[in-house]
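These are the residues of each chain, in order.
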Amino acid sequence: MKMLSAIWDNLKGLYSLLVGMCITGRYFFQPLKTVHFPRDVVEPENLASYRGPLELARGKTDESKTRCISCQMCAKGCPGNCITVVKSKEGKNPVTWLYDFTLCCLCGACVEVCPTAAIQFSHRLYLVSTSREALVLDLLKDLEERVAAGPLPAAGAGTPDAKKPEARMPDAGGPQKAAGGSAAPDPEG
Amino acid sequence: MSNFSFLNPFGVLDEPGTYMGDFYSNNFARKAQAGNVILNLGPQHPSTHGVLRVVVEMYGEYVVRSEPVLGYLHRSHEKMAEHKTAYGFLPNMGRVDYLNAIGWNWAYAGACEQLAGIECPERAEYLRVIAAELNRISSHLVWWGAFVLDLGAFTPILYAFDDRELICDILQRVTGSRLTMNYFRFGGVGADGDDLFFSKIRDFIPNMRERLKMYKALVTDNVILRRRLEGIGPMDADLCVRYGATGPLLRAAGVPRDVRRSIPYGIYDRFDYEIPVAETNDNFGRYWVRLQEISESLKIVEQAVAQIPPGKHIVDKAPKPSWKLPPGESVFSVEGARGEITVHVISDGGKSPYRVKLRAPGFSNLSVFAEAAEGTILADAIAILGSLDLVIPEIDR
């Protein structure tokens, strides 16, 4: 009797292994679910809600002008002290808007406190660098470059924020150039 | 030192004091019996889930004594709290335990809200429950994959990550990040869920239920897994209580303790769900409890999505980054994926909290290991370590 139950146990065990093999075999023939990064990137819809490094929103009347009024709310509220805003002598607009991405924890405190909605999250997933200096971004310059590159593309399928951040297609292959050219030595050159 | 030989580099203790190691292993080796081997598991071993180091005294294949060595990932979160504003410490909460960020979010936000007397809007409470339960599922999925990986099966972790990606997509809709989520604010949550967020959840729930059936057929019913887990790693209720172990460990020892039930917080008293309890006291009990918790969490999410009322996701005049905590202290516990998370906030009314104490469940759960692994073979000790569901950043904080 004991021997019979031992044989039965082993048969049951063998069956459980077969079931497992069937499942993995079925999945073996299903299409790939992963994305092979340098050759292929995730769909931009997936990035619509991704919070990447900060960028300045386009101005309401003149697109290349920032909405920032240099009130320093963001710089004071930032837990990582990664924002430097210097006010110009003539008006309210800033002359320098430096953002140190190495210190940023993407918490969104600056975006939430901004009274003019001048700051927003970008969707730059592929921002990498081999030097720290290249990650200190000059956002005013970045804004100019973006406006020069073209008008705002149609906003992607619904974002949770009312302010729709513009969809930016990722640079596939190779590290994206840091937008701010703040004395960033090219590691290769 | 002079007795060190390259033929015997791992320090077999023929004579006491001949072992070459660092402070911890030398101190540990002092009590070792002659002839036993001192073995370092980790800190860079894949089965120790991060940078945990366990010094083990081995008699052949058997574990005689063991001692976890911590501190390889200490980031002084508690000290950081004393130098940041109460709001500025919120993003740290996503980084204490990277698998269960929302649980820690809730513990800290809850403690501060309790101290300041802030009430959340109804919709925010529902969004909190949805996010916390989805995060619990994703945490259990990673544990499930990694645990089975420890036991030698590679494939299940790929399936677990496949499902976890869906949860990451859902939570990214509202939190903006996939891992270190910073969703909670004092008096609500950071962003409201949109239609796509809810429709994604509605799609995810039946999909996950199907996958749970597949998990059962593939792994839970597997004879190799059963023989590796059943009857191994006994931890009775007495042991768990002595070390303060909580969460699935305690529930697998037959104690139906779950903070969501025993000290209800948020709106958990409105949902219909069960607290899975196993009486078997072994590794399989802990495995079973966690898998049951996934389906119970799915039930809660399903009810919350069906019941969620319209309204605001955060109170009017929610605290700003420069907000000061009122003087006083408060303690708030939530049920995280690994056990009871408690945050104790003391404030003297200054710019930043006077002291924040973070009680990580993993720390107490790990301390059970030394006693539970005594006398088992090494492979079983690894299974016990895996069944504790350790996340080292949370233990070291």
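A.B. asks: What is the right way to look at the pairing of strand β2 (residues 53-59) of chain B in this model?
C.D. replies: For a regular strand, the rule is simple: side chains alternate between the two faces of the sheet. Residue and element names in this part refer to chain B. In terms of burial, β2 is a largely internal element, six of the seven residues being buried. Pairing of strand β1 (residues 37-41) with β2, which is carried by five bridges, proceeds in the antiparallel orientation. Residue pairing across strands places N40 opposite V55, the latter belonging to β2. In this structure, β2 lies alongside strand β3 (residues 62-69), joined through seven bridges in antiparallel fashion. Each bridged residue has a counterpart across the sheet, and for V56 the counterpart in β3 is S66. Here β2 folds back onto β3 in antiparallel fashion, the turn holding two residues, of which G60 has a positive phi close to 65 degrees.

A.B. asks: Got a minute to help me understand the sheet that holds β3 of chain B in this structure?
C.D. replies: Strand-to-strand pairing in sheets goes through backbone hydrogen bonds, with the strands running parallel or antiparallel. All names here are of chain B. Ordered in space as β1-β2-β3, the three strands form an open sheet in which the pairing is antiparallel. The open sheet has two edge strands with one neighbour each: β1 and β3. Averaged over all pairs of adjacent strands, the angle between strand axes in this sheet comes to 25 degrees, irrespective of strand direction. Against the sheet, helix α15 (residues 378-387) touches β1, β2 and β3, its axis set at about 35 degrees to β1.

A.B. asks: Got a minute to help me understand the interface of chain A and chain B in this structure?
C.D. replies: Interfaces are often sized by the accessible area lost when the parts come together. Between chain A and chain B, the contact holds 27 residues from the first and 29 residues from the second. A combined buried area of about 2300 Å² lies between chain A and chain B, and 52% of that area is made up of carbon and sulfur atoms. Ionic pairing is found between E112 of chain A and R185 of chain B, a salt bridge with its closest N-O pair at 2.8 Å. In this assembly, chain A and chain B are joined by 11 residue pairs in polar contact (both at pLDDT 80 or more). Where the side of chain A that touches chain B is concerned, the elements lending two or more residues are α1 (2-28), α2 (44-47) and α4 (109-113) of chain A. Looking at which element gives the most residues to the side of chain A that touches chain B, the answer is α1 of chain A, with 10 residues. When grouped by side-chain class, the residues that make up the side of chain A that touches chain B number 13 nonpolar, 10 polar and four charged.

Calculation criteria
Per chain, residue numbering runs from 1 following the sequence as it is written. Chains and ligands are labelled sequentially in the order written, the chains with letters from A and the ligands with numbers from 1. Totals for whole chains, interfaces and linings use all residues, but because this is a predicted model, local features are given only for residues with pLDDT of at least 70 and pairs of side-chain atoms are given and counted only at 80 or more. Heavy atoms throughout the structure, all of them, feed into the side-chain values; hydrogens and water do not. Remark: exposure states derive from per-residue accessible area (1.4 Å probe, protein chains only) relative to the maximum for the residue type, with buried under 20%, exposed over 50%, and partly exposed in between. Helix and strand assignments come from DSSP, with helices taken as H or I runs of at least 4 residues and strands as E runs of at least 2, each series counted from the N terminus. Each pair of strands is called paired provided DSSP finds at least two bridges between the two strands. Axis lines are fitted to C-alpha atoms, over the contacting stretch for helices. Their N-to-C directions set the angle, which ranges from 0 to 180 degrees. Throughout, a contact is declared for two residues whenever any of their heavy atoms are within 4.5 Å. Summed over both partners, the accessible surface that disappears when two parts come together, traced with a 1.4 Å probe, is what is meant by buried area. What makes a salt bridge here is a side-chain nitrogen of Lys or Arg within 4 Å of a carboxyl oxygen of Asp or Glu, nothing more. In the analysis that follows, any N or O atom pair within 3.5 Å is treated as a polar contact, provided that within protein one partner can donate a hydrogen and the other can accept it, and provided that, for residues neighboring in sequence, both atoms belong to side chains. Side-chain classes are defined by residue name, with Ala, Val, Leu, Ile, Met, Phe, Trp, Tyr, Cys and Pro counting as nonpolar, Asp, Glu, Lys and Arg as charged, and the others, Gly among them, as polar.

By themselves these figures say nothing about function.
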